[in-house]
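Residue-level structure breakdown
The chain contents come next:
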There are 4 protein chains.
Amino acid sequence: MEFRVKDLALAEEGKNRIDWAEAHMPVLVALRQKYEKTKPLKGIRVAGCLHVTKETGVLVRTLKAAGAELSWCGCNPLSTQDDVAASLAKDEGIAIFASRGVTSKEYYDDIHSAMKLDPHVTIDDGADLTVEMHKGMPKSIRGGTEETTTGVIRLRAMQKAGKLAYPIIAVNDAETKHDFDNIYGTGQSALDGIIRATNILVSGKNVVIAGYGHVGKGVARRAAGLGANVIVTEVDPIAALKAKLDGYSVAKMNKAAEIGDIFVTTTGCKDVIVDRDIAKMKDGAILANAGHFNVEISIPGIESQTVQKKEINDHTMQYSLKNGKRVYLIGEGRLVNLAAAEGHPSEVMDMSFANQFLAVLKLAQQGQTMKPLVYNIDKAQDQEIALAKLQSMGVEIDSLTPAQKAYLEGFAEGT
Amino acid sequence: MEFRVKDLALAEEGKNRIDWAEAHMPVLVALRQKYEKTKPLKGIRVAGCLHVTKETGVLVRTLKAAGAELSWCGCNPLSTQDDVAASLAKDEGIAIFASRGVTSKEYYDDIHSAMKLDPHVTIDDGADLTVEMHKGMPKSIRGGTEETTTGVIRLRAMQKAGKLAYPIIAVNDAETKHDFDNIYGTGQSALDGIIRATNILVSGKNVVIAGYGHVGKGVARRAAGLGANVIVTEVDPIAALKAKLDGYSVAKMNKAAEIGDIFVTTTGCKDVIVDRDIAKMKDGAILANAGHFNVEISIPGIESQTVQKKEINDHTMQYSLKNGKRVYLIGEGRLVNLAAAEGHPSEVMDMSFANQFLAVLKLAQQGQTMKPLVYNIDKAQDQEIALAKLQSMGVEIDSLTPAQKAYLEGFAEGT
Amino acid sequence: MEFRVKDLALAEEGKNRIDWAEAHMPVLVALRQKYEKTKPLKGIRVAGCLHVTKETGVLVRTLKAAGAELSWCGCNPLSTQDDVAASLAKDEGIAIFASRGVTSKEYYDDIHSAMKLDPHVTIDDGADLTVEMHKGMPKSIRGGTEETTTGVIRLRAMQKAGKLAYPIIAVNDAETKHDFDNIYGTGQSALDGIIRATNILVSGKNVVIAGYGHVGKGVARRAAGLGANVIVTEVDPIAALKAKLDGYSVAKMNKAAEIGDIFVTTTGCKDVIVDRDIAKMKDGAILANAGHFNVEISIPGIESQTVQKKEINDHTMQYSLKNGKRVYLIGEGRLVNLAAAEGHPSEVMDMSFANQFLAVLKLAQQGQTMKPLVYNIDKAQDQEIALAKLQSMGVEIDSLTPAQKAYLEGFAEGT
Amino acid sequence: MEFRVKDLALAEEGKNRIDWAEAHMPVLVALRQKYEKTKPLKGIRVAGCLHVTKETGVLVRTLKAAGAELSWCGCNPLSTQDDVAASLAKDEGIAIFASRGVTSKEYYDDIHSAMKLDPHVTIDDGADLTVEMHKGMPKSIRGGTEETTTGVIRLRAMQKAGKLAYPIIAVNDAETKHDFDNIYGTGQSALDGIIRATNILVSGKNVVIAGYGHVGKGVARRAAGLGANVIVTEVDPIAALKAKLDGYSVAKMNKAAEIGDIFVTTTGCKDVIVDRDIAKMKDGAILANAGHFNVEISIPGIESQTVQKKEINDHTMQYSLKNGKRVYLIGEGRLVNLAAAEGHPSEVMDMSFANQFLAVLKLAQQGQTMKPLVYNIDKAQDQEIALAKLQSMGVEIDSLTPAQKAYLEGFAEGT
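Just so it is clear, the model here is predicted, and its values are computed rather than measured.

This paragraph deals with the confidence of the model for chain A. Residue and element names in this part refer to chain A. Within chain A, residue pLDDT values average 93, and 99% of them lie at 70 or more. In the predicted structure, residues 411–415 sits below a pLDDT of 50 and forms 3 contacts with residues beyond four places in sequence or in another chain. Interface confidence in the predicted complex, given as ipTM, is 0.87; pTM for the same model is 0.90.

Many analyses report the size of an interface as the accessible area lost when the parts associate. Residue and element names in this part refer to chain A. Each domain of chain A was delimited in the assignment, giving domain 1 (8–177 + 343–392) and domain 2 (184–339). Placing the centre of domain 1 and that of domain 2 at their C-alpha centroids yields a distance of 34 Å. Between domain 1 and domain 2, the residue contacts involve 4 residues of the former and 6 residues of the latter. Contact between domain 1 and domain 2 buries roughly 360 Å² in total, counting both sides, with carbon and sulfur atoms accounting for 62%. The largest share of the area that domain 1 buries against domain 2 comes from Gly343, His344 and Pro345, three residues that together contribute 86% of it. Remark: the boundary between domain 1 and domain 2 carries 0 salt bridges. Each residue belonging to the side of domain 1 that touches domain 2 can be placed in one class, and the counts come to 2 nonpolar, 2 polar and no charged.

Right, let's get into the UniProt feature "binding site: substrate" (unreviewed entry) in chain A. Residue and element names in this part refer to chain A. Per the UniProt entry, the sites bearing "binding site: substrate" (unreviewed entry) are Thr53, Asp125, Glu147, Lys177 and Asp181 in this numbering. Relative to the elements of secondary structure, Asp125 occurs in the loop between β4 (121–124) and α6 (128–135). Judged by its relative accessible area of 12%, Asp125 is buried. In this structure, Asp125 is in contact with Cys49, Leu50, His51, Cys75, Glu146, Glu147 and Thr148, ignoring residues within four places of it in sequence. Using a relative accessible area of 8% as the deciding quantity, one classes Asp181 as buried. Setting aside its immediate chain neighbours within four residues, Asp181 contacts Thr186, His344 and Val348.

Let us now look at the interface of chain C and chain D. Residue-level contacts link 52 residues of chain C with 53 residues of chain D. Summed over both partners, the interface of chain C with chain D buries about 4800 Å², with 70% contributed by carbon and sulfur atoms. Counting every contact that joins chain C to chain D gives 6 salt bridges. Where Glu175(C) meets Lys242(D), a salt bridge forms, and the shortest distance between an N and an O atom there is 3.1 Å. Inspection of the chain C/chain D interface yields 22 residue pairs in polar contact (both at pLDDT 80 or more). Those elements giving two or more residues to the side of chain C that touches chain D turn out to be α8 (175–198), α9 (214–225), α10 (237–245), α16 (379–392), α17 (402–409) and α18 (411–414) of chain C. Its residues assigned to classes, the side of chain C that touches chain D comprises 28 nonpolar, 7 polar and 17 charged.

A word on unusual backbone geometry. Residues and elements named next belong to chain C. Phi angles above zero are rare outside glycine, and Asn199 is one such case at about 50°. One can find Asn199 in the loop between α8 and β7 (206–210). For Asp271, which is not a glycine, the phi torsion comes out positive at approximately 55°. Tracing the chain through its elements places Asp271 in the loop between β10 (262–265) and α12 (275–278).

Turning next to the relation of the copies chain C and chain D. You can overlay chain C on chain D at an RMSD of 0.2 Å; the transform is a turn of 180° with a shift of 0.0 Å along its axis. The superposition of one copy onto the other is thereby described by a two-fold rotation axis. Of all interface residues in chain C, 98% are interface residues in chain D too; the two copies therefore contact each other through one and the same surface.

Before going further, it helps to spend a moment on the state of the cysteines. Covalent bonding between the sulfur atoms of two cysteines defines a disulfide. Enumeration over the complete set of coordinates arrives at 0 disulfides over all chains. Note on Cys49(C): no disulfide assigned, nearest cysteine sulfur contributed by Cys73(C) at a separation of 3.9 Å.

What follows is about the pattern of salt bridges. Using the criterion set out here, one finds 128 salt bridges over all chains in the structure. Between Lys205(A) and Glu347(D) there is a salt bridge, and its shortest N-O distance comes to 2.7 Å. Taken together, the residues Lys205(A) in the loop between α8 (175–198) and β7 (206–210) and Glu347(D) in helix α15 (residues 346–366) connect one chain to another. Here the two residues Lys205(A) and Glu347(D) agree in accessibility, since each one is buried. A salt bridge links Arg61(B) to Asp19(B); the nearest nitrogen and oxygen atoms lie 3.0 Å apart. On the criterion of sequence distance, the pair formed by Arg61(B) in helix α3 (residues 54–65) and Asp19(B) in helix α1 (residues 11–22) is long-range, its members being 42 residues apart. Classification of Arg61(B) by relative accessible area gives buried; the value is 8%. Take Asp19(B): its relative accessible area is 19%, and that puts it in the buried class. Members of the salt-bridge network, linked through shared partners, are Lys15(A), Asp19(A), Glu22(A), Arg32(A), Arg61(A), Lys64(A), Glu92(A) and Lys310(D).

Residue and element names in this part refer to chain D. Taken as a whole, this structure holds 20 aromatic pairs over all chains when the rule is applied. For the pair Tyr35 and Phe357, a centre-to-centre distance of 5.7 Å together with 40° between the ring planes defines the contact as tilted. You can see Tyr35 sitting in helix α2 (residues 26–35) and its partner Phe357 sitting in helix α15, a full 322 residues away along the chain. Tyr35 gets classed as buried once you look at its relative accessible area, which sits at 15%.

Residue and element names in this part refer to chain C. With 5 of 5 residues buried, strand β1 (residues 45–49) lies mostly within the body of the structure. The alternating pattern of β1 places Arg45, Ala47 and Cys49 on one face and Val46 and Gly48 on the opposite face, and all of these are buried. Examined bridge by bridge, β1 and strand β2 (residues 69–73) share 5 bridges and lie parallel to one another. The partner of Arg45 across the bridge, within β2, is Glu69. Assessed by its sense of winding, the connection that carries the chain from β1 through helix α3 (residues 54–65) to β2 is right-handed. Examined bridge by bridge, β1 and strand β4 (residues 121–124) share 4 bridges and lie parallel to one another. Residue Ala47 lies in a different strand from β4, and its bridge partner there is Thr122.

With that settled, consider the relation of the copies chain A and chain B. Once turned by 180° and shifted 0.0 Å along the axis, chain A lies on chain B with an RMSD of 0.2 Å. Residue by residue, 96% of the interface of chain A is reproduced at the interface of chain B, so both copies engage with the same surface.

With that settled, consider the sheet that holds β7(A). All names here are of chain A. Judged by pairing direction, the sheet is mixed, and its 8 strands sit side by side in the order β9-β8-β7-β10-β11-β14-β13-β12 without closing on themselves. The open sheet is flanked by β9 (249–250) and β12 (306–313), the only strands paired with a single partner. Note that strand β10 (residues 262–265) and strand β11 (residues 285–289) share 4 bridges and pair parallel. The partner of Thr265 across the bridge, within β11, is Asn289.

On to a nonpolar patch on the surface, then. Residue and element names in this part refer to chain A. Together, Met1, Phe3 and Leu8 give the surface a local cluster of nonpolar side chains, amounting to about 270 Å² of exposed area. Within the element layout of this structure, Met1 appears in the segment before α1 (11–22). Classification of Met1 as exposed rests on a relative accessible area of 56%.

Cut-offs used in this document
Residues numbered from 1 in each chain as written. Chains lettered and ligands numbered in written order. Predicted model: local features only at pLDDT ≥ 70, side-chain atom pairs only at ≥ 80, totals over all residues. Heavy atoms only, no water. pLDDT = per-residue confidence, 0-100. Contact = heavy atoms within 4.5 Å. Domains from an automatic or database assignment. Buried area = accessible area lost by both parts, 1.4 Å probe. Salt bridge = Lys/Arg side-chain N within 4 Å of Asp/Glu carboxyl O. Nonpolar A, V, L, I, M, F, W, Y, C, P; charged D, E, K, R; others polar. UniProt positions renumbered as here; feature names shortened; annotations may be inferred. Helix = DSSP H or I, 4+ residues; strand = E, 2+ residues; numbered from the N terminus. Buried < 20%, exposed > 50% of the residue type's maximum accessible area, 1.4 Å probe, protein only. Polar contact = N/O pair within 3.5 Å; in protein donor to acceptor, adjacent residues only side chain to side chain. Least-squares fit on C-alpha atoms with pLDDT ≥ 70 in both. Disulfide = S-S within 2.5 Å. Phe/Tyr/Trp six-rings, centres within 6.5 Å; stacked < 30°, edge-to-face > 60°. Pairing = 2+ DSSP bridges. Right-handed = clockwise from strand over helix to strand, strands pointing away. Patch = residues over 30% accessible without salt bridge, like charges linked within 9 Å, V, L, I, M, F, W, Y side chains within 5 Å. Areas by Shrake-Rupley, 256 points an atom, 1.4 Å probe, with all protein chains shown as cover.

Structure representation (structure tokens):
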């Protein structure tokens with residue numbers, strides 16, 4: 001078997017890390033236990049292009065246990081964990097082509113190496129593999145999956161242009177993915193990042209949260225749970241009203257700027273905190289972003305009034321302002337849970353990757369009969385994942401009786 | 001002006017109650033203040049068929065202040081507050097035909113009396129007025145509104161059958177209605193009903209909540225807020241998993257039955273608590289329902305194992321069971337917040353009725369050009385309501401700059 | 001047996017109410033079950049002077065079941081529930097002398113009637129019976145108990161003056177009494193009173209709580225639990241800092257007055273909300289007191305700037321102020337949980353009265369050998385009560401092993 | 001000036017860290033600003049023996065700004081931060097004798113070097129300096145302070161034995177110290193340590209907390225605030241009942257062992273989690289201790305049933321048990337907030353060290369007239385600290401009027 005990793009000697013460390021993730025990904029493990037005997041992926045070749053992390057390692061192990069033959073490459077030049085890659089090559093015997101810090105050429109060479117498997121199914125994160133597949137299509141392909149919003153947007157554009165050649169399942173759109181990672185994953189890990197970067201006491205602080213969507217709600221709940229006094233800013237009055245009825249204060253950012261101790265942006269929009277807000281802040285204000293891009297806190301808006309910059313620690317920059325005050329920016333305004341902590345906990349990736357696994361299973365079995373469209377996750381699969389997660393937590397739930405089902409279906413006429 | 005109420009002498013008491021509601025319905029009052037000078041409903045005749053309560057009194061005053069000429073009748077034989085009706089007749093000069101405890105014939109006579117106004121717009125709750133309008137259509141009608149799910153279902157059926165003769169705005173579907181009354185309104189008032197009926201200490205109790213939809217979430221949050229240990233039962237694994245990740249216990253009803261002190265059903269389904277659950281309950285268990293109909297707790301399931309029934313107070317029935325234990329049912333298993341408390345607080349009806357008012361305004365102005373379909377509430381109207389509510393609470397929020405709007409619209413290309 | 005009640009025909013209603021309380025007083029019931037066979041109070045005569053309520057009915061039943069012979073009288077001219085008194089006379093055969101609305105002479109006649117029993121033990125609430133006992137001491141007396149702070153203060157004064165003739169156990173000072181009724185009892189019932197009086201939605205309201213002692217903490221927690229934004233005012237900086245670190249806002253009353261929707265005083269001091277605060281309040285502000293006396297909200301401070309007073313309902317007075325705004329006072333500024341709701345839930349009285357019962361038991365057995373002093377509750381008894389409460393809730397806890405006990409006692413030397 | 005540090009070149013890094021701590025220790029800074037002009041410690045020599053950390057650096061700067069002449073040494077062979085020590089020597093000119101990893105001889109040599117200052121006042125943490133002072137007493141000494149419980153116990157023993165030669169103020173006993181660091185400091189940092197060591201999602205986990213004292217309450221509140229389902233174990237029924245009424249589950253450890261995902265001990269006792277508990281745990285259970293010593297989780301109890309040990313990361317050990325399950329122990333069962341996170345946030349040390357500063361001030365001024373006893377912190381000083389903290393947070397509070405003071409003092413007679 002061919003592969004390309006940085007250093008096979010790192011395999012043991014990588015194995016340990018995958019084991020640790022695995023201990024917290026019970027749904028994937030339950031799927032593995034369910035399918036490792038029947039091996040429904042026997043004879044199926046799967047090519048994956050997805051961040052080579054400890055959680056991905058658990059996905060790879062699970063696909064292999066279900067019988068699949070695998071090739072793999074990274075989906076980002078900087079995200080590969082070399083120890084995990086080494087373990088996947090050495091311990092799992094995967095045709096993996098990935099290392100941290102590749103050039104653009106190496107990056108695409110790796111994709112092409114992975115494609116040599118002539119996969120029946122592709123797993124993608126950002127759609128780079130899928131796009132390459134379309135350039136010189138391997139002949140066995142039955143279908144693919146996509147993990148991210150960005151990728152789904154690209155693939156829907158391909159579909160619209162009549163260019164999509166095989167069916168894609170949009171894992172991103174599963175309720176067990178986007179309704180959990182934003183609220184529970186980012187909620188905890190954003191605060192975690194702030195604490196690791198600053199060791200600040202959250203209790204008693206005025207925490208200003210810009211945006212009250214899924215992420216904002218998650219961060220607000222965790223900040224309040226740590227004893228903060230939460231102030232929400234919003235542009236949508238319905239979301240703002242929910243924040244207010246949830247017991248938080250709601251204010252304009254320029255007003256909140258005067259009292260905030262910690263600011264967290266979660267809006268998906270740019271210029272949420274700008275120069276005139278910075279100018280009003282208290283000495284010592286801490287700024288962090290939990291939205292996708294580093295445009296929410298205007299860094300030019302800070303720098304234009306800065307007289308001195310000083311790195312406080314690996315994650316935190318001190319800006320001494322013209323007005324004599326200091327503000328602190330964590331992780332250069334990039335996603336604070338990734339910049340200063342470890343991103344989503346394994347438990348959250350567990351459900352995303354269980355969706356990936358089941359989507360691969362479906363494509364292996366039915367892909368040949370599906371039209372070349374972007375498909376949503378079945379409600380049934382979403383529920384199967386949630387049920388498996390519950391079972392792994394030792395939680396049992398009720399199910400509807402036939403009489404109850406009939407009642408619910410007959411509801412319109414009923415009363 | 002013709003009218004029919006029980007006793008005009010009750011007018012002052014009714015006026016006081018409407019005043020009190022009005023003090024807690026700032027959005028409607030703000031709309032009144034906005035429109036009472038321009039009187040956009042001048043020359044518009046509005047017939048309403050909606051529970052004659054103190055909150056409805058505020059809606060009537062607001063429509064009148066905006067220039068409308070009004071007739072009114074009840075939408076349920078038992079829900080009219082006679083003092084409010086008296087005040088609407090005497091103090092507001094409305095052609096109201098309503099009293100508590102009418103017969104079915106009187107009920108429809110009242111509707112027909114209200115129809116004599118030849119309305120331009122109808123306001124309905126359950127669709128009885130709208131259906132009557134269709135039997136012998138007054139000639140001026142431009143459109144109507146509908147407050148409830150049940151009514152919307154009837155009217156959509158009429159539309160499907162090609163029988164709908166004028167446009168209907170489904171107020172029920174506004175986000176500022178159904179996303180607030182269920183969570184915040186029922187959440188508080190269901191607990192309020194249980195406490196009024198039993199004077200029980202919620203703190204430290206095991207509260208079993210069946211269903212984790214909007215109502216279940218609201219009740220769970222308030223029960224936990226009062227110090228309860230909450231156990232959720234569900235049939236949908238995704239909802240169950242959210243309950244678990246929100247920090248609650250999740251179990252099957254038959255298991256939860258063993259440890260619950262208080263049970264609240266919120267599912268919309270029948271037979272959620274049945275005989276075998278009752279049989280397992282602890283001595284002293286309290287049962288209440290916060291779902292629409294009194295079928296969630298199986299009363300036959302209780303009575304089949306009851307040796308003695310005793311009324312503990314106006315709202316609470318004690319059932320002594322064959323197994324020697326006692327269970328207590330509040331309000332005959334009917335909606336506990338209405339049976340044992342006062343239903344939704346005025347603040348919640350404020351937004352529903354603001355939607356009603358703006359829907360009437362739209363129909364008065366544009367109804368003649370709208371097709372005879374059931375329409376959703378405009379997102380813009382929903383946001384206008386929420387904004388007015390915020391302003392009434394003294395809360396100011398941000399708005400998007402043109403540059404931010406451009407950024408958000410260009411998002412797809414961005415990365 | 002001699003007795004004096006208002007109307008024996010009320011007995012059945014009283015019995016029902018006592019039964020209901022009993023179902024929520026498991027500790028007392030557990031004590032009854034424990035002692036009704038051995039009857040350790042057989043031959044012991046107990047005279048009680050304590051509010052004749054449904055919870056007291058459960059105490060009386062328990063003392064009787066343990067073998068005591070009983071006489072009883074009220075400890076306040078207005079607090080007797082006549083149906084409960086009737087049941088105690090008819091169903092329990094107690095020598096009870098109590099009715100609601102007695103004159104001062106009748107009040108003392110009743111005490112003297114109860115004293116004719118020549119009690120071994122007295123139970124008192126306010127020390128009136130104990131003081132009368134000292135005037136012409138029955139010869140069998142062994143000791144007494146006292147329920148309230150006020151009574152304990154009087155009796156400590158008697159002790160100091162060398163006038164106390166028999167031992168008194170200060171039930172009030174039990175941790176299972178004062179550390180639970182203030183936080184959990186008043187916390188819930190104060191909010192309950194406010195909601196019953198106003199039907200207001202607590203969610204999203206700015207609730208100003210004056211004082212952050214036991215009661216203030218309890219009310220703050222419950223208000224936040226109902227979705228309020230809580231603002232605390234304090235004069236003690238340590239308590240204020242705790243409120244701030246618990247995530248609440250902290251402000252001066254005169255500043256909080258500007259933004260509060262609901263105000264609750266819990267300080268034990270007078271003039272906590274005064275005229276200059278009232279003058280700043282928003283239109284519609286609601287005022288309630290959860291402290292002992294009706295001096296916390298300055299009623300003269302309201303009335304001096306009032307142009308019109310109007311009763312909104314049984315519990316709520318509207319004051320229209322010179323400045324054009326309206327404020328609403330609940331229950332005349334008296335304890336809102338008693339004025340507008342039902343006071344402490346039975347579950348809370350359960351522990352107070354379990355302490356009473358065990359104190360009586362101790363005095364019956366050891367009173368003759370105890371010096372005429374005011375005694376605190378034994379830590380052991382406090383723990384026995386708490387343990388019984390836990391058992392009644394189905395909760396089991398650990399106990400220290402001998403090795404653990406030795407470790408804890410040897411702690412000083414350890415490091 | 002003489003000093004002994006590891007490497008003066010580390011001074012700049014140390015200065016940065018002290019600056020960062022200083023930005024979050026506003027009370028100490030406020031005291032500095034208050035006293036740096038009047039310099040009340042001018043001519044006073046202070047010798048400190050206290051962990052050389054960034055927070056201690058802020059205390060040293062403050063003492064110096066108030067005029068004191070200082071010498072310093074570490075109070076633990078392993079706790080000195082060498083960069084901070086370097087900055088104190090170089091930037092502050094302090095006679096500091098401290099480095100990380102000293103031998104026992106070096107440790108005492110450092111203490112003796114610091115004593116050469118002939119201090120008027122000593123600051124101690126554990127009483128080693130104070131004991132050495134008593135062996136050959138410098139002549140100028142007026143008094144000392146003590147930071148810890150352990151030290152206070154030693155010094156009270158000296159007092160009892162008639163051996164205490166100068167007055168000691170027990171800073172540990174200030175309410176602004178022990179009532180804040182345990183609840184707010186450990187509450188947050190214990191969870192922080194667990195998350196840093198495991199990156200686990202707390203939401204939805206069953207978190208078992210042993211002990212419901214100050215620390216247990218703090219950890220329970222934060223765990224619940226992060227979405228955990230909290231189960232408390234206790235041996236004291238009163239504390240257990242409070243946990244139950246606070247909405248948590250309460251169980252015996254051996255029962256809780258079956259369902260817990262994470263276990264945190266906070267009891268101050270040994271053998272809280274023992275072999276038979278370990279044997280019942282679910283695969284993957286995580287164990288951490290937040291109590292003082294590493295005896296709460298029985299490590300022999302784990303090891304006796306372990307077949308394989310493996311280090312998962314710097315902080316976490318995996319034990320594979322005979323029964324086929326794995327449990328994970330964080331930080332060898334030592335204080336998890338220090339072992340895997342950064343201990344108390346600066347904000348919490350702020351108040352401890354403000355108490356230190358004011359105690360030094362008092363001893364400098366009045367020590368010569370105080371008897372050689374261990375003194376509690378004045379209530380007034382405690383309140384001054386809390387007030388300064390509030391002011392630094394921009395929080396203003398009310399104060400009693402003379403009329404209110406009179407009312408409160410006259411309370412006994414009042415009613």
